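Observations on the model geometry
As a plain string of letters, each chain reads:
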Amino acid sequence: LWLAKHFPCNSVVGGNFEEVCPEKVIRFKPPLYKQRYEFVRDLVDRHEPKKIADLGCGDTKLLKLLKIYPCIQLLVGVDINEEKLHSNGHHLSPYLGEFVKPRDLDLTIILYHGSVVERDSRLLGFDLITCIELIEHLDSDDLARFPEVVFGYLSPAMVVISTPNSEFNPLFPTVALRDADHKFEWSRMEFQTWASQVAKCYNYCVEFTGVGTPPAGAEHVGYCTQIGVFTKIGGKAAGSCVSEDHDQHVYKAVYMTSYPSLQQEKVLKFVLVGELLIQVEHLRLRHHRMLRERKRESDPKPRDTDFSLGPDLLLGAVFTEAEKARIENSPEPFCEGDKFCVPLQRLLAYPKLHRLRVDEERMRALIADSVCLSSDSSAVMVDLYNSLDYWPEDS
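Residue positions are given per chain, counting from 1 as you read along its sequence in written order. Confidence filtering applies because this is a predicted model: local features only for residues at pLDDT of at least 70, side-chain atom pairs given and counted only at 80 or more, and all residues used for totals across whole chains, interfaces and linings. With hydrogens and water excluded, all non-hydrogen atoms of the structure serve as input to the side-chain values.

Naming follows an unreviewed UniProt entry, where the chain appears as Small RNA 2'-O-methyltransferase of Nannospalax galili. UniProt positions are given in the numbering used here, feature names are shortened, and annotations may be inferred rather than shown by experiment. Heading Catalytic activity (unreviewed entry) of the UniProt record for the chain holds this comment: "small RNA 3'-end nucleotide + S-adenosyl-L-methionine = small RNA 3'-end 2'-O-methylnucleotide + S-adenosyl-L-homocysteine + H(+)". Here is the UniProt Cofactor (unreviewed entry) comment for the chain, exactly as written: "Mg(2+)".

**With respect to the overall build of the chain**
Of regular secondary structure, the chain possesses twelve helices and eleven strands. For the chain, buried positions account for 45% of its 395 residues. Long-range pairs, those at least 24 residues apart, make up 74% of the contacts in the chain between residues at least 6 apart in sequence. Shrake-Rupley sampling with a 1.4 Å probe provides the accessible areas, and residues are treated as covered by the protein chains on show and by no other component. With an accessible surface of roughly 21,000 Å², the chain has 53% of that area assigned to carbon and sulfur atoms. Only runs of H or I of at least four residues qualify as helices and only runs of E of at least two qualify as strands under DSSP, and these elements are numbered from the N terminus. Note on classification: 1.4 Å probe, protein chains only; a residue is buried when its accessible area is under 20% of the maximum for its type, exposed when over 50%, partly exposed between these limits. Residues count as neighbours in contact if any of their non-hydrogen atoms are within 4.5 Å of one another.

**Observations regarding the side chain of Asp 79**
Considering the arrangement of structural elements, one finds Asp 79 in strand S2 (residues 74–79). Under the counting rule used here, the positive set is Lys and Arg, the negative set is Asp and Glu, and His together with the chain ends is not counted. A pair is scored as a salt bridge if a Lys or Arg side-chain nitrogen falls within 4 Å of a carboxyl oxygen belonging to Asp or Glu. One buried charge, Asp 79, has no salt-bridge partner; the nearest side chain with opposite charge is Lys 84, at 5.9 Å. Whenever a nitrogen or oxygen atom comes within 3.5 Å of another N or O atom, the pair is scored as a polar contact, on the condition that within protein one atom can donate a hydrogen and the other can accept it, and that pairs from neighbouring residues in sequence are kept only if both atoms are in side chains. Within the structure, the side chain of Asp 79 is placed 3.3 Å from the backbone nitrogen of Cys 57, a separation counted as a polar contact. Not counting chain neighbours up to four residues away, the residues in contact with Asp 79 comprise Gly 56, Cys 57, Gly 58, Leu 85, Tyr 112, His 113 and Gly 114.

**Overview of the sheet that holds strand S11 (residues 379–383)**
Pairing within the open sheet is antiparallel, and its three strands lie in the order S9-S10-S11. Of all the strands in the sheet, just strand S9 (334–336) and S11 have a single pairing partner and so form its edges. In this sheet, neighbouring strand axes are inclined to one another by 30 degrees on average, regardless of whether the strands run parallel or antiparallel. Judged from the five bridges that link them, strand S10 (residues 339–343) and S11 form a sheet pairing that is antiparallel. When the bridges of S11 are listed, Pro 343 appears paired with Ala 379. DSSP-based pairing: two strands are paired if at least 2 bridges between them are found. Fitted lines through C-alpha atoms serve as axes, helices being fitted only where they are in contact, and the angles separating the N-to-C directions of these axes extend from 0 to 180 degrees.

**Here's the deal with the pattern of salt bridges**
Enumeration according to the criterion identifies 17 salt bridges in this entry. Ionic pairing is found between Arg 122 and Asp 120, a salt bridge with its closest N-O pair at 2.8 Å. Look at Arg 122 and you get partly exposed, because its relative accessible area is 25%. Taking the relative accessible area as the measure of exposure, Asp 120 reaches 1% and is therefore buried. Glu 167 serves as the salt-bridge partner of Arg 188, at 2.8 Å between the closest nitrogen and oxygen. Here Arg 188 is found in helix H7 (residues 188–201), whereas its partner Glu 167 is found in the loop between strand S5 (158–164) and H7, with 21 residues between them in sequence. A residue is classified by how much of its surface remains accessible, and Arg 188, at 26% relative accessible area, is partly exposed. Look at Glu 167 and you get partly exposed, because its relative accessible area is 27%.

**Concerning the nonpolar core**
Core analysis: the biggest nonpolar cluster contains 36 residues, and Leu 123, Phe 146, Ile 161 and Trp 194 have the highest contact counts within it. When residues of this core are traced back to their parent elements, those giving at least two are strand S1 (51–55), S2, strand S3 (107–113), strand S4 (128–132), helix H6 (140–154), S5, H7 and strand S6 (204–211). Top contributing element to this core by residue count: H6, with six residues. If near-sequence neighbours (up to four positions away) are discounted, Ile 161 is found in contact with Cys 131, Ile 135, Phe 146, Phe 151, Phe 191, Trp 194, Gln 226, Ile 227, Gly 228 and Phe 230. Throughout this description, the term nonpolar core refers to a set of buried Ala, Val, Leu, Ile, Met, Phe, Trp, Tyr and Cys residues connected via side-chain atoms within 4.5 Å.

**As for the packing of aromatic side chains**
Aromatic pairing here means that ring centres of Phe, Tyr or Trp (its six-membered ring) are within 6.5 Å. Orientation follows from the plane angle: under 30 degrees is stacked, over 60 is edge-to-face, and everything else is tilted. One pass over the full model with this rule turns up twelve aromatic pairs. Taken together through their ring pairs, the aromatic side chains of Phe 184, Trp 186, Phe 191, Trp 194 and Phe 208 make up a single cluster.

**A few points about H6**
By this rule, a helix spans an expected 1.5 Å times one less than how many residues it contains. For H6, spanning 15 residues, the distance from its first C-alpha to its last is 21 Å, which sits close to the expected 21 Å at 1.5 Å a residue. Within H6, the axis deviates most sharply at Phe 146, by approximately 30 degrees, and proline Pro 147 lies no more than four positions further along. The opening residue of H6, the one whose side-chain oxygen lies 3.3 Å from the backbone nitrogen of Asp 141, is Asp 139. At the exit of H6 stands Ser 155, carrying a positive phi of roughly 45 degrees. Values of bend correspond, residue by residue, to the angle between axes fitted over the seven residues ending at that residue and the seven starting there.

**Concerning a nonpolar patch on the surface**
What makes a patch is a set of residues exposed beyond 30% relative accessible area and free of salt bridges, joined within 9 Å when like-charged and within 5 Å when nonpolar (Val, Leu, Ile, Met, Phe, Trp, Tyr). A surface patch of nonpolar side chains, amounting to about 340 Å² of accessible area, comprises Leu 96, Phe 99 and Val 100. A relative accessible area of 68% places Leu 96 in the exposed class.

**Notes on the sheet that holds S4**
A sheet is described by the order of its strands in space; here eight strands give the open sequence S6-S7-S5-S4-S1-S2-S3-S8, paired in mixed fashion. The two strands at the open ends of the sheet, each matched to only one other strand, are S6 and strand S8 (252–259). The average undirected angle you get between the axes of adjacent strands in this sheet is 15 degrees. Contacts from H6 reach S1, S4, S5, S6 and strand S7 (225–232), with the element oriented near 160 degrees to S5.

Take a look at the structure:
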């Protein structure tokens, strides 16, 4: 109530907006909205949150930018405009390339239709909540409820709020408020006073910054967009298991998608078998190449292929010293009659398979029904020669 009393929403002067000549508009490079999004991305880079909610997500552009971060496992967008959520949800679906090269961790994206001043327990326990150009769209009643819902009830580890700086507005000709839907625009003092009171009331600390540098000679007006970064004192978000009265689902889910990841067994198996077959085939072809070289040299002493030499040449990759040592210390491929065998331990030594973090036993279980294994199940076994082999010098 104190906040609502001392920070009433100002109305548009005269209820009128005049068009601004394009030549007189201050242009930011990159555009101001991109600078705001880049600010959030920098925070994600530094803090690596797992769960992020964007309140007032609108066209979902920020969510689309954030979904590429490997640390994020849950992305939620909330907006009052259901039609906009329906029309933009498909932009958040996985691309084909995200099935071919899946993420390490699961990612779920959900869009909810609802008001940001309503309590929904599905948004409890988040690491970061963003409110980008949101609060200036709230009327006095909603603005009074906003801190209690976001900071008091949801209580995330971090909140980012951006809003226009009204001190910058005189640099825009004939503009009272920047958007017809804005209920108010605050000066730096007004925003900082409001934000400091919110932080004190709900046990947060707050730092102020902004984006959109003013033109030369107008530095005194500050950034075009002012930003408050709120951090929960103690650093922990409110948990999802609080009490029965917190189990409230008032939002309507209008879109949800899940991304393929290596945490999903089917996806892990697909990637594992694919990389394994590629690796085995390269080793088999390398074996043939070395045999042909010896034949041209008329080597009177045939011997087994030396797979310990030059592992950095395999697959055209350049390995680190640690990777070379891991490969050279693993069992070497071998031939049994007309079969070419590569030990599982050898395959797991190569970087693309090593990064999957599976041990030999699990690897064996995952690939057993997709490849042929040796009698003791310790190696992948393929034909030494196949009908697709073609060596011009042999024809």
